[in-house]
Amino acid sequence: MAFLTPDRSVLPGHALVIGGTSEAGGSGPAFDHVYPGTGEVTAQLRLADAGDVDRAVAAAQGAAPAWRAMPGDKRRDLMLRLAALTEENAAQMTSLLSIENGAIILAGPHMSGDAAQKFRYFGGWADKIEGRTISTWGGPAHDYVTYEPYGVVGIIVPWNGPLFAATMCLAPALAAGNCVVLKAPENAPFSLMKLVEIIGQAGFPPGVVNLVTGGPDVGAAMVAHPGIGKIEFIGSGGTARKILGSAAQSLKPVGLELGGKSAVLVFADANLQAAAKRGLSGAVSANGQGCVNGTRLLVERSIYEPYVQMLAAMAAHIKIGDPLAMDTIMGPVISEPALERIQGMVAGGIADGARLVCGGERLGADHASGFFLPITVLADVAPGSAIARNEVFGPVLVVTPFDSEEEAVSLANDSDYGLGAYVHTTSLARAHRVAGQMMAGQVQVNGSGEAMTACVPFGGMKHSGHGRLGGIEALREFQQVRNVWVNLQE
Ligand code: NAD
């Protein structure tokens, strides 16, 4: 069956927005955007370069004093207006989200709704930014603390969920009174182009949010730029190392939201059907390319084989294919090189002794021009093997048995990463006992992603990063502390 054709007429006509003015393209190289569903080129973009970053930073610096001084209720109202406009534009946004990275069309309305909720939630903080007073030591004095914006914040996000990632940073950054230079990833730029257009329509002053579309060199120019006070980075650990290397020179603070290999612990007393469905979502959600997807399944031995077979049976019912079709549950991975890399990792896992339960082979026939790998389940995976330790970033689950709660906790924590952890049990005591031992930034009990809302802190431990996006913690990410001491004797 032929795939639906992406509607190119919905693509925004600008790759940059600087000082409120949309620009068709930047001064950097040309880039062919490829639609992962069919491998066809959807648009030729003209990317930004370091000079464009200079202009974007200058525009943000120009807007910063007035934005910072704007009363909180006015900032709140703008953010609430933006939330409403995001919802009003959900239909176009949904198409853009699918075209840019092959996300399934069914997920689009949820993504737009999520973005709107973030603007609402953090808009609600914009008029509640308060300081505190401190009773001082020594002589009579009045001492107080205020929470200040950085001025200009640089936001760098990956291609796997640009709208989700960008709004996670943008909403608290704006609420805290910062202006922003936002980099859209060149291989998935369209939803952010649209978002920044909507920001203008909502009435945000020109220069408060500036968009540059580009690749690593544009991100590097942002990190090195003296006019940017803080970088918020979402992406891989490898890139984070480069960014921290650069920030070592500029002494710029950097927030890091990085990758994961999140453990899913399934105890014998769990609701097995529900735990299998949620376990499978680690391969399905974001076409297997979600940072916090639970991809390392640890299953109590007494239910191990039935659970593995249940995963395979459920996987067979997941409709994989055309991202634009309404009945598709899982789409392609981002690119041909990504597909080859994932298949190489699966082959490595099998060579290390894992048992291939399902998947593993790229889809051919009418799927051959896109980048489709079915849900791939590897069982009997040795905890120390490369496939058990490294982030695959594709629809691949690894499954390992355990014999005791103690062993489950130890296996779950035996990872360089610490982003998410998922615990499946019907024992209330065990749920809290195990959750309390997880070295992960977010633990979900009998869940598989429901916690990811604007009001809760999200972020990693260990190599999964530091800092938190979501909740009051995210506001603090975009604020710096000023302490004022006043001598009351003069
Ligand atoms: P990546 O690190 O290759 O790229 C991320 C972004 O950084 C892109 O916009 C890229 O252009 C930019 N970049 C690359 N080199 C740079 C440099 N030297 N200086 C500044 N910017 C640079 O990651 P990716 O492949 O786009 O995304 C996948 C990774 O992101 C996975 O590891 C995934 O787990 C992680 N991720 C984490 C979260 C989270 O919230 N923790 C969310 C989504 C994705």
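- With an unreviewed UniProt entry as reference, the chain is termed Aldehyde dehydrogenase, source organism Novosphingobium barchaimii LL02.
- UniProt annotates the chain under Sequence similarities (unreviewed entry) with the comment "Belongs to the aldehyde dehydrogenase family."

### Focus on the sheet that holds strand β5 (residues 132-134)
Sheet strands pair by backbone hydrogen bonding; their relative direction is either parallel or antiparallel.
At step 1: Taken in spatial order, the three strands line up as β5-β6-β22 in an open sheet, and their pairing is antiparallel. Of all strands in the sheet, those bounded by a partner on one side alone are β5 and β22 (479-487). Across the sheet, the axes of successive neighbouring strands diverge by a mean angle of 25°, strand direction being ignored.
At step 2: Across nine bridges, strand β6 (residues 141-149) lies against β22 in antiparallel orientation. Across the sheet, Tyr144 pairs through a bridge with Val484, a residue of β22.

### Considerations on the side chain of Lys118
At step 1: With respect to the helices and strands, Lys118 occurs in helix α4 (residues 108-126).
At step 2: Overall, Lys118 belongs to the buried group, its relative accessible area being 4%.
At step 3: When sequence neighbours within four positions are dropped, the list of residues in contact with Lys118 reads Gly123, Phe164, Thr167, Met168, Ala171 and Ala454.

### A few points about the UniProt feature "domain: Aldehyde dehydrogenase" (unreviewed entry) in the chain
At step 1: Under the present numbering, the feature "domain: Aldehyde dehydrogenase" (unreviewed entry) in UniProt falls on residues 30-484.
At step 2: In this annotation, residues 30-484 is assigned 41% helix and 22% strand; the end-to-end C-alpha distance for the span is 50 Å.

### Thoughts on the nonpolar core
At step 1: Among the nonpolar cores identified, the biggest contains 120 residues, and Leu170, Leu174, Val181, Leu192, Phe204, Val266 and Tyr307 are the most heavily contacted of them.
At step 2: Of all the elements, helix α5 (residues 162-175) adds the most residues to this core, at 11 residues.
At step 3: Residue assignment places this core across two domains, with domain 1 (8-258 + 467-482) and domain 2 (262-453) each supplying three or more.

### Comments concerning the domain arrangement of the chain
At step 1: Segmentation of the chain into domains returns domain 1 (8-258 + 467-482) and domain 2 (262-453).
At step 2: A straight line from the C-alpha centre of domain 1 to that of domain 2 covers 30 Å.
At step 3: Listed as interface residues are 21 residues of domain 1 and, on the opposing side, 24 residues of domain 2.
At step 4: Taken together, the two surfaces of domain 1 and domain 2 that pack against each other cover about 1,800 Å², and 64% of this comes from carbon and sulfur.
At step 5: On inspection of domain 1 and its partner domain 2, the count reaches zero salt bridges.
At step 6: If you look at where domain 1 meets domain 2, you find five residue pairs in polar contact (both at pLDDT 80 or more).
At step 7: The leading source of residues in the side of domain 1 that touches domain 2 is helix α3 (residues 90-101), at three residues.
At step 8: Considering only residue class, the side of domain 1 that touches domain 2 consists of 10 nonpolar, eight polar and three charged.

### Structural notes on helix α1 (residues 50-69)
At step 1: Relative to the 28 Å expected for 20 residues at 1.5 Å per residue, α1 spans 29 Å between its end C-alpha atoms, a close match to the ideal helical length.
At step 2: Ala63 marks where α1 bends most, by close to 40°; the proline Pro65 follows one to four residues later.
At step 3: Turning to α1, its buried residues number three or more, namely Asp52, Val53, Ala56, Val57, Ala59, Ala60, Ala63, Ala64 and Trp67.
At step 4: The opening residue of α1 is Asp49, an N-cap whose side-chain oxygen sits 3.0 Å from the backbone nitrogen of Gly51.

### Regarding the pairing of strand β3 (residues 30-35)
At step 1: As paired elements, β3 and strand β4 (residues 40-46) share six bridges and run antiparallel to each other. Residue pairing for β4: Ala30 is matched across the bridge by Arg46.
At step 2: What sits between the antiparallel neighbours β3 and β4 is a turn of four residues, in which Gly39 has the positive phi angle 75°.

### A closer look at the packing of aromatic side chains
At step 1: Across all of its chains, the model carries five aromatic pairs by this definition.
At step 2: Aromatic side chains Phe3 and Phe372 sit 5.7 Å apart centroid to centroid with 80° between the ring planes, which places their arrangement in the edge-to-face category. With a gap of 369 residues between them, Phe3 in the segment before β1 (16-18) and Phe372 in the loop between β14 (355-358) and β15 (376-379) connect regions that are remote in the sequence.
At step 3: You can call Phe3 buried: its relative accessible area is 17%.

### Regarding the packing of α5 against helix α6 (residues 190-201)
At step 1: Look at α5 against α6: their axes get within 9 Å of each other, and the N-to-C directions meet at 40°. Between α5 and α6, the crossing angle belongs to the class labelled oblique. Here α5 runs over α6; the crossing is right-handed. Where α5 abuts α6, its residues Pro162, Leu163, Ala166, Thr167 and Leu170 lie against Ser191, Leu192, Leu195 and Ile199.

### Concerning unusual backbone geometry
At step 1: At Leu251, a position not held by glycine, the phi torsion is positive, near 55°.
At step 2: Structurally, the position occupied by Leu251 is in the loop between α8 (237-250) and β11 (254-257).
At step 3: Residue Asn446 is not a glycine yet carries a positive backbone phi of 55°.
At step 4: With relative accessibility at 32%, the residue Asn446 sits in the partly exposed group.

### Side note on the site of the ligand
At step 1: Among the 26 residues in the neighbourhood of the ligand, the closest are listed as Val157, Ser236, Thr239, Leu258 and Glu391.
At step 2: In this structure, Val157 approaches the ligand through a main-chain N or O atom, which is 2.8 Å from an oxygen atom.
At step 3: Contact with the protein chains hides 87% of the accessible area of the ligand, taken as 850 Å² for the molecule alone.
At step 4: Looking at the shell around the ligand, the elements with two or more residues in it are α7 (216-224), β10 (230-234) and α8.
At step 5: Considering only residue class, the shell around the ligand consists of 15 nonpolar, seven polar and four charged.
At step 6: Of the domains in this structure, domain 1 (8-258 + 467-482) and domain 2 (262-453) are the two that each give at least three residues to the shell around the ligand.

Conventions and cut-offs
Residues numbered from 1 in each chain as written. Predicted model: local features only at pLDDT ≥ 70, side-chain atom pairs only at ≥ 80, totals over all residues. Heavy atoms only, no water. UniProt positions renumbered as here; feature names shortened; annotations may be inferred. Pairing = 2+ DSSP bridges. Helix = DSSP H or I, 4+ residues; strand = E, 2+ residues; numbered from the N terminus. Axes fitted to C-alpha atoms, helices over the stretch in contact; angles between N-to-C directions. Buried < 20%, exposed > 50% of the residue type's maximum accessible area, 1.4 Å probe, protein only. Contact = heavy atoms within 4.5 Å. Core = buried A, V, L, I, M, F, W, Y, C linked by side-chain atoms within 4.5 Å. Domains from an automatic or database assignment. Buried area = accessible area lost by both parts, 1.4 Å probe. Salt bridge = Lys/Arg side-chain N within 4 Å of Asp/Glu carboxyl O. Polar contact = N/O pair within 3.5 Å; in protein donor to acceptor, adjacent residues only side chain to side chain. Nonpolar A, V, L, I, M, F, W, Y, C, P; charged D, E, K, R; others polar. Expected span 1.5 Å × (residues − 1). Bend = angle between axes of the 7 residues up to and from the residue. Phe/Tyr/Trp six-rings, centres within 6.5 Å; stacked < 30°, edge-to-face > 60°. Parallel < 35°, antiparallel > 145°, perpendicular 65-115°, else oblique. Left-handed = near helix turned anticlockwise from the far one by under 90°. Near = heavy atom within 4 Å. Areas by Shrake-Rupley, 256 points an atom, 1.4 Å probe, with all protein chains shown as cover.

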